[in-house]
Amino acid sequence: MIIRRLRENENGQLCEVESLGFLYSANVRDAAEETLKSEVYGAFLDDDQTLMSAIYTPEYHSWCGDITLPSVGIGGVATRPEYRRGGGIRAVFEKIFQLAPERNWVTSTLYPFSFDYYRQFGYERVFKVHTVTMQANVLSCFPRNTDAKLYTFRTPEMLADILQVYNTYARRHGLMYARNEKTRAYSDDPFKSQKMTYVHYDADGKADAYATLSKDGEAMTVKDLAYIHADGLRGILGFIRTFDGQVSEYRFNDLPSTADLDAVIHNYIDVGYESDSCGMGRILLLETLLQNWVYPTGTGHFRLRCDDFLEWNRAVWDVAYENGKGIVTKLPYDAEFDIAAGIAPLSRMIMEGGYSVRTASYLDGVEIRNGNAVESEDFFRAFPAQDFYIHDRF
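Throughout what follows, the structure given in this document is the object of discussion. (Residues numbered from 1 in each chain as written. Predicted model: local features only at pLDDT ≥ 70, side-chain atom pairs only at ≥ 80, totals over all residues. Heavy atoms only, no water.)

On to the overall build of the protein, then. Counting secondary structure elements, the protein contains 12 helices and 18 strands. For the C-alpha atoms alone, the extent of the protein along its principal axes is close to 65 × 60 × 35 Å. A total accessible area of about 18200 Å² is found for the protein, and carbon and sulfur atoms account for 47% of it. (Helix = DSSP H or I, 4+ residues; strand = E, 2+ residues; numbered from the N terminus. Areas by Shrake-Rupley, 256 points an atom, 1.4 Å probe, with all protein chains shown as cover.)

Our next topic: the packing of aromatic side chains. Throughout the structure, instances matching the rule amount to 26 aromatic pairs. Seen from their ring centres, F97 and F309 are 6.0 Å apart, and the 40 degrees between their planes marks the pair as tilted. Note that F97 is positioned in helix 3 (residues 88-103) and F309 in the loop between strand 14 (299-307) and strand 15 (315-322), a separation of 212 residues in sequence. Residue class for F97 comes out buried when judged on its relative accessible area of 2%. With a centroid separation of 6.2 Å and 65 degrees between ring planes, the pair formed by F302 and F383 is classed as edge-to-face. (Phe/Tyr/Trp six-rings, centres within 6.5 Å; stacked < 30°, edge-to-face > 60°. Buried < 20%, exposed > 50% of the residue type's maximum accessible area, 1.4 Å probe, protein only.)

One non-glycine residue, D48, adopts positive backbone phi at about 60 degrees. On the secondary structure map, D48 appears in the loop between strand 2 (40-44) and strand 3 (51-56). Among the residues examined, D48 registers a relative accessible area of 17% and is labelled buried. Here R85, not a glycine, exhibits a phi torsion of approximately 60 degrees, which is positive. Assignment of secondary structure puts R85 in the loop between strand 5 (67-79) and helix 3.

On to the side chain of H173, then. Structurally, H173 is set in the loop between helix 5 (158-171) and helix 6 (190-193). With near-sequence residues (within four places) excluded, H173 lies in contact with P256, Q386, D387, F388 and Y389. (Contact = heavy atoms within 4.5 Å.)

Pairing within the open sheet is mixed, and its five strands lie in the order 16-15-14-17-18. Two strands in the sheet have a free side with no partner beyond their single neighbour: strand 16 (325-331) and strand 18 (366-368). Along the sheet, successive strands turn relative to each other by an average axial angle of 20 degrees, direction set aside. Bridge count for strand 14 against strand 17 (residues 339-342) is four bridges, and the pairing is parallel. (Pairing = 2+ DSSP bridges. Axes fitted to C-alpha atoms, helices over the stretch in contact; angles between N-to-C directions.)

Okay, helix 5 next. Here helix 5 spans 20 Å end to end across 14 residues, near enough to the 20 Å set by a 1.5 Å rise per residue. Every buried residue belonging to helix 5 is among M158, L159, I162, L163, V165, Y166, N167, Y169 and A170, and all of these are buried. Where helix 5 is buried, its residues meet strand 4 (59-64), strand 8 (148-150), strand 9 (196-201), strand 10 (207-216) and strand 11 (219-227). (Expected span 1.5 Å × (residues − 1).)

Here you go:
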């Protein structure tokens, strides 16, 4: 078995694997004529020609305080049926993990078809997304306004406003991905795509919110919602009301666990809520994450033992923090510790956050010594609830 990155001329083989792996129709002949532009790693037979398994590895950057840290997404995980259970995907994952120190990939996220399957690679559920559906009358508490503009190919300068709103919003949500001018999250041809991104501007002409909308029957779906402050949220909701005559229902998709939308509306009778355990995450470079973490303003100290098959993570980590900064020291694996955890539950406690001595005791693979000792409490205080989630799909 040969594990390597796919070459530009191997798009046809990748298309075959995806078509058979996900059972969808694909034009392999046309795909073979196209250049593969994405970063994809695959498992080949020893002939180095026959592709058995493949994984896309798009690179992102996650907000961590005022800086961003590199992160790798895992997508398009597929194997041809005749090569399944042959270790191809595991071998590709091993290759990706070995690249982490070189590429400085601190974290990794994915959308699972099976939580148990990806848990064997160290991933754990780290965020949920929520959908809020409401009758149009629920937004009547917000005055209608026309203070929003539509982003199109005629207004490319608006992308800077959109990104400024999004990244301000993303900083408040833990390790949420940053976006830049290369993002494909927003359509500049809403007339064709029917994905309309409206940007709300305050009285001074500054962008303070946006929403990406698309109509689905009698419902208007809000696919992407971001805002700088409460007034911005209220403003964009007031603008959305201009569609009241065309739809009877609004559906807000992919909201974080703590949705500010729920705080600003007044009527809850005609509102429905759904929750989806959507994404899994994994810490790939624990030392880098601990060194760059924004700690509480007070002082604290803990010793954490990490169990991981990635040798660079497998150690006891002594962390002393004060005024938001931490001093991290790597100790031998058999050193004394306050809390020990496998990489999967540890990723959950840090990336999702908000755990305590009591709630962490329910997670498999977590050992807390000394009960409610100060050191144990210092660990959980260092990682408050992040409200972490991801809009981007891969």
